Amino acid sequence: VVDMDVYEADPLTLIASGKFNQVPFMFGNNADEGNLFVYPPSTNTTPASAADVKCAMMRAFGDKMGEEVLQIYAPVNTVGIDNRNIVAEIFGDVLFHCDNRRVAQALSKAGVAPWVYSFNRQPSCPMWPGAHHGAEIAYVFQNFDAGHIHSTCKASPDDVRLSEKV
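Along each chain, residues carry numbers from 1 onward, in the same order as the chain's sequence is written. It should be noted that, the model being predicted, local features are given only for residues of pLDDT at least 70 and side-chain atom pairs only at 80 or more, the latter also being counted only at that level, while totals for whole chains, interfaces and linings use all residues. Note that water and hydrogens are dropped before the side-chain values are worked out from all heavy atoms of the structure.

1. Section: the state of the cysteines
Only a pair of cysteine sulfur atoms within 2.5 Å counts as a disulfide in this structure description. With the rule as written, the count across this model stands at one disulfide. The disulfide partner of Cys-125 is Cys-153, and the gap between their sulfur atoms is 1.9 Å. The chirality of the disulfide connecting Cys-125 with Cys-153 is left-handed, given an S-S dihedral of about -85 degrees. Of this pair, Cys-125 sits in the loop between strand E2 (114–119) and helix H6 (137–140) while Cys-153 sits in the loop between H6 and helix H7 (157–165), placing them 28 residues apart in sequence. Helix numbering and strand numbering both begin at the N terminus, where a helix is a DSSP run of H or I of at least 4 residues and a strand a DSSP run of E of at least 2.

Quick look at the structure:
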C-alpha cells in the first residue's frame, strides 16, 4: 500500500508487464545512505574490527554468500582500524542503491527513461558522516535548522547556494 493505493504486484513485476504510469520518473540515492544506520547518534555502535565485520556478514548472509560479500566489501584487518564504513556501505547498497538500480534498468527496458540522481554533499552541520540517508532533505526544503535544534552550527554559504539550486 502506497498513498492508500493497493498494488497488485511488486514494482518490478508491474514495470515488466507495462502496468504502470509511463511518465518521466525521478529518483535517486545519497552516496552514504548506510551511515545513518551505523554511526551514533542513531545507533550506539563502537568501532568495528575486521573480525566483527566478518561475523556480521556470516550471520546476515550465511557462510557462502558472506564470503562473497567480503570479497567485494573487504574490511581492513589492522588493529585499531574502524571498519564501520564497510558495514555502512553494505547497508546503503542492500537497502537503497541496488533496488533503485534495478528499478532504473527496468524502466529503461520498458521505454521510460528515468532521471536518476546521486546526492553526495556532506552538510556543514552533520549529525552523521557523509551524505547519509535523509541528508538531502534540508537542501530540498531549504531547512537546515530542523535537524539541529540544540546546535549553534549554521549552514555554510556553499550549502545555502546548493539548496537554492536544488
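Still more ground to cover, so stick around.
2. Considering the packing of aromatic side chains
Between the rings of Phe, Tyr and Trp (Trp by its six-membered ring), a pair exists once the centres lie within 6.5 Å; its type follows the angle of the planes, with under 30 degrees stacked, over 60 edge-to-face, and the other angles tilted. Taken as a whole, this structure holds five aromatic pairs when the rule is applied. Geometrically, the ring pair formed by Phe-119 and Tyr-139 is tilted, given 5.2 Å between the ring centres and 55 degrees between the ring planes. Taken together, the residues Phe-119 in strand E2 and Tyr-139 in helix H6 connect sequence positions 20 residues apart. Relative accessible area decides the class of each residue, using a 1.4 Å probe on protein chains only: under 20% of the type maximum gives buried, over 50% gives exposed, and in between gives partly exposed. Owing to a relative accessible area of 11%, Phe-119 belongs among the buried residues under this scheme. For the pair Tyr-139 and Phe-144, a centre-to-centre distance of 5.0 Å together with 90 degrees between the ring planes defines the contact as edge-to-face. Judged on exposure class, the residue Tyr-139 and its partner Phe-144 are both buried. Three or more aromatic residues link up through ring pairs in this structure, and these residues are Phe-37, Phe-91 and Phe-96.

3. Structural notes on the side chain of Glu-136
By secondary structure assignment, the location of Glu-136 is in the loop between E2 and H6. Comment: no salt bridge for buried Glu-136; closest opposite-charge side chain is Arg-121, at 12 Å. Any pair of residues with heavy atoms lying within 4.5 Å of one another is described as a contacting pair. Leave out the neighbours within four places in its chain, and Glu-136 touches Asn-30, Tyr-117 and Phe-119. Asp and Glu are treated as the negative residues and Lys and Arg as the positive ones, with His and the ends of the chain left uncounted. By definition here, a salt bridge exists when the distance from a side-chain nitrogen of Lys or Arg to a carboxyl oxygen of Asp or Glu is within 4 Å.

4. Observations concerning the packing of helix H3 (residues 50–61) against helix H5 (residues 84–109)
Packed helix pairs are characterised by how far apart their axes lie and by the angle those axes make with each other. Every axis in this analysis is a line fitted to C-alpha atoms, fitted for helices over the stretch in contact. Angles between the N-to-C directions lie between 0 and 180 degrees. Closest axis-to-axis distance for the H3/H5 pair is 10 Å, and the angle between their directions is 25 degrees. The orientation of H3 with respect to H5, classified from their angle, is roughly parallel. Judged by the twist between their axes, the crossing of H3 over H5 is right-handed. The segment H3 lies against H5, with Val-53, Met-57 and Phe-61 engaging Ile-86, Val-87, Ile-90 and Val-94. By residue class, the composition of the contact of H3 with H5 is seven nonpolar, no polar and no charged. Any angle between 65 and 115 degrees counts as roughly perpendicular, while under 35 counts as roughly parallel, over 145 as roughly antiparallel, and the rest as oblique. Should the near helix be turned anticlockwise from the far one by less than a right angle, the crossing is left-handed, and should it be turned clockwise, the crossing is right-handed. Nonpolar residues are Ala, Val, Leu, Ile, Met, Phe, Trp, Tyr, Cys and Pro. Charged residues are Asp, Glu, Lys and Arg, and all others, Gly as well, are polar.

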